[in-house]
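Here are the chains, one letter per residue:
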Amino acid sequence: MGNDLTGKKVAFLGAGKMGGIILQALLKKGLLSAKSTCATVAHEERAKALAAKLKVKVGTNNVEAVKGADIIVIGVKPQVVEEVVREISGHLTSKQVIVSVAASVPTSMIEKNLPPNIPVIRAMPNTPCQLGAGMTAICKGSHASAEDVAMTCRMFDVVGRTVVVDEKHMDAVTALSASGPAYIYIILESLAEGGVKLGLPRDIATLLAAQTTMGAARVVLETGDHPALLKDAVTTPAGCTIDAIMELEEGKLRVTLIKAVVKAAQRAKELAYG
Ligand SMILES: NC(=O)c1ccc[n+]([C@@H]2O[C@H](COP(=O)([O-])OP(=O)(O)OC[C@H]3O[C@@H](n4cnc5c(N)ncnc54)[C@H](OP(=O)(O)O)[C@@H]3O)[C@@H](O)[C@H]2O)c1
């Protein structure tokens, strides 16, 4: 499969939060046309509402949806992936590519429920994809080609950055960048509360916290400098930042964040199995 999406037909099985974000973004950016895109969900009423909103064909029949599709994006919950794959299995050819965004589900689990040689790719995006600021890690299964990987990268490049990793890293990716926005929202909210405690109006405190978070992240991405060096540049000797850092160290912020990512990765290993 070439890596150009023009003219490709794409079926999104499970257009919920994540599937819906990717689907909408690709339509909005013109990488897919409404005519060549279809989606499924579990409930009829939701299918109708989504079809009306996105102006694409949305139904509840996965077998119908995969007919004639070049790319099949699986966006159902991890525990439902196997059931959906079994359902469509008899209706696929090796010219179609499966792209699963489900956490925890190995490509081998998908492949074992498919006819031989169907290419499977795993992609792990995050919710900032909705603004084109997403982070997606991509890995290939046994039958996917470099072209299939390039095509998937091109699809997710439209909604942010992409990186190709070995499948053994996917649970770590899930714990860091897929769950990560939740950790950052908590940090951001807490920084804003600090401002509120000091008397700042909440909207201004939230703006200061959010723009500071984004600015610091951009500096890391654009300079490539080590975060520790960038932190040192803010920390004037005997200034106020070092007092704040002492509080963060006493509160074990670093080790708490490290342990949070490790815990999430442990849980990511189990999700597919119920
Ligand atoms: N949310 C995130 O930040 C995130 C990040 C990375 C990866 N993911 C992965 O994305 C997947 C979906 O997560 P989500 O948060 O988007 O969950 P979600 O909002 O609950 O979406 C799941 C969708 O699957 C549909 N569905 C359920 N059973 C189905 C079936 N048999 N056939 C077709 N559609 C079916 C549901 O339909 P109804 O709407 O009708 O119930 C719903 O639209 C998960 O595997 C998750 O690991 C999520």
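Residues numbered from 1 in each chain as written. Predicted model: local features only at pLDDT ≥ 70, side-chain atom pairs only at ≥ 80, totals over all residues.

### Structural notes on the overall build of the chain
Formally: For helices the rule is a DSSP run of H or I covering at least 4 residues; for strands it is a run of E covering at least 2, with both sets numbered from the N terminus onward. Comment: burial labels come from other C-beta atoms within 10 Å of the residue's own C-beta, placed from the backbone, where a count of 20 or more is buried, 12 or fewer is exposed, and between is partly exposed. Think of it this way: build a C-beta for each residue from its backbone, and any pair within 7 Å is a contact.
Scanning the chain for helices and strands turns up twelve helices and eight strands. The dimensions of the chain, computed from C-alpha atoms along their principal axes, are 70 × 40 × 35 Å. Across the 274 residues in the chain, those meeting the buried criterion constitute 33%. Of the contacts formed within the chain by residues at least 6 apart in sequence, a portion of 66% connects residues at least 24 apart.

### Notes on the domain arrangement of the chain
Definition in use: All the domain ranges listed were derived from an automatic or database domain assignment. Three classes are used: nonpolar for Ala, Val, Leu, Ile, Met, Phe, Trp, Tyr, Cys and Pro, charged for Asp, Glu, Lys and Arg, and polar for all others, with Gly counted as polar.
According to the domain assignment, the chain consists of domain 1 (10-171) and domain 2 (180-273). Placing a centre on the C-alpha atoms of domain 1 and another on those of domain 2 gives a separation of 32 Å. Per element, the largest residue contribution to the side of domain 1 that touches domain 2 is three residues, and it comes from helix H4 (residues 78-89). When the residues that make up the side of domain 1 that touches domain 2 are grouped by side-chain class, the tally is six nonpolar, four polar and one charged.

### As for unusual backbone geometry
At Ser-104, a position not held by glycine, the phi torsion is positive, near 75°. Within the secondary structure, Ser-104 sits in the loop between strand E5 (97-100) and helix H5 (107-111). Residue class for Ser-104 comes out buried when judged on the 21 C-beta atoms lying within 10 Å of it. Positioned with a positive phi, Ala-238 is a non-glycine residue whose angle comes to about 60°. Structurally, Ala-238 can be placed in the loop between helix H10 (227-234) and helix H11 (241-250).

### Describing the environment of Val-97
Counting through the fold element by element, Val-97 comes out in strand E5. We classify Val-97 as buried; it has 26 C-beta atoms within 10 Å. Through-space distance from the C-alpha of Val-97 to that of Asp-70 is 6.4 Å; in sequence the pair is 27 residues apart.

### Side note on the packing of helix H7 (residues 170-178) against helix H12 (residues 253-270)
The criterion, for reference: In this analysis, axes come from line fits to C-alpha atoms, helices being fitted only over the stretch in contact, and the angle between any two N-to-C directions falls in the range 0 to 180 degrees. To sort the angles, those under 35 degrees are grouped as roughly parallel, those over 145 as roughly antiparallel, those from 65 to 115 as roughly perpendicular, and the leftovers as oblique. A crossing counts as left-handed when the near helix is turned anticlockwise from the far one by less than a right angle, and as right-handed when that turn is clockwise.
For the pair H7 and H12, the least separation of the axes is 8 Å and the interaxial angle reads 130°. Classified by the angle between their axes, H7 and H12 sit oblique to one another. Considering only the axes of H7 and H12, their crossing is right-handed. On H12, the residues that touch Asp-171, Ala-172, Thr-174, Ala-175 and Leu-176 of H7 are Val-261, Ala-264, Ala-265, Ala-268 and Lys-269. Residues that form the contact of H7 with H12 fall into these classes: seven nonpolar, one polar and two charged.

### Looking at the site of the ligand
So the rule is basically this: We call a residue near a molecule or strand when its C-beta atom, built from the backbone, sits within 6 Å of it.
Around the ligand there are 27 residues in total, and Gly-14, Gly-16, Lys-17, Ala-102 and Ala-103 lie nearest to it. Contributions of two or more residues to the shell around the ligand are made by helix H1 (17-28) and H4. Per-class residue counts for the shell around the ligand are 15 nonpolar, nine polar and three charged.

### Let's talk about the sheet that holds strand E8 (residues 160-164)
This is how the line gets drawn: Note: two strands are recorded as paired if DSSP finds a minimum of 2 bridges between them.
The eight strands are arranged E3-E2-E1-E4-E5-E6-E7-E8 in an open sheet whose pairing can be described as mixed. Only two strands of the sheet have a single partner each, and these edge strands are strand E3 (57-59) and E8. Taken over all neighbouring pairs, the strand axes of this sheet differ in orientation by 20° on average, direction set aside. By the bridge criterion, four bridges tie strand E6 (residues 120-124) to strand E7 (residues 134-140) in an arrangement that is antiparallel. When the bridges of E7 are listed, Arg-122 appears paired with Cys-139.

### Points about the environment of Leu-271
As for its placement among the helices and strands, Leu-271 is situated in the segment after H12. For Leu-271, a count of 17 C-beta atoms within 10 Å translates into the label partly exposed. C-alpha of Leu-271 to C-alpha of Lys-77: the two residues are 194 residues apart in sequence and 9.0 Å apart in space. With residues up to four places along the chain from it excluded, the contact list for Leu-271 reads Pro-78, Ala-103 and Ser-104.

### Remarks on the pairing of E5
For clarity, the threshold we go by: Whether a crossover is right-handed comes down to one check: with the strands pointing away from the viewer, does the path from the first strand over the helix to the second run clockwise; if it does, it is right-handed.
Residues Val-97 and Val-99 point to one face of E5 and Ile-98 and Ser-100 to the other, with burial holding for every one of them. Following the backbone out of strand E4 (residues 71-74), through H4 and into the adjacent parallel E5, one traces a crossover that is right-handed. The pairing of E5 with E6 spans three bridges and is classified as parallel. Looking at E6, one finds that Ser-100 is bridged to Arg-122.

### Observations concerning the nonpolar core
Nonpolar side chains tend toward joint burial in soluble globular proteins. What counts here: By definition, a nonpolar core groups buried Ala, Val, Leu, Ile, Met, Phe, Trp, Tyr and Cys residues that are joined through C-beta atoms within 7 Å.
Core analysis: the largest hydrophobic core is formed by 61 residues, its most contacted members being Ala-11, Leu-13, Ile-22, Ile-72, Val-73 and Ile-74. Among all residues touching Ile-22, those that are not within four sequence positions of it are Val-73, Pro-125, Cys-129 and Val-159.

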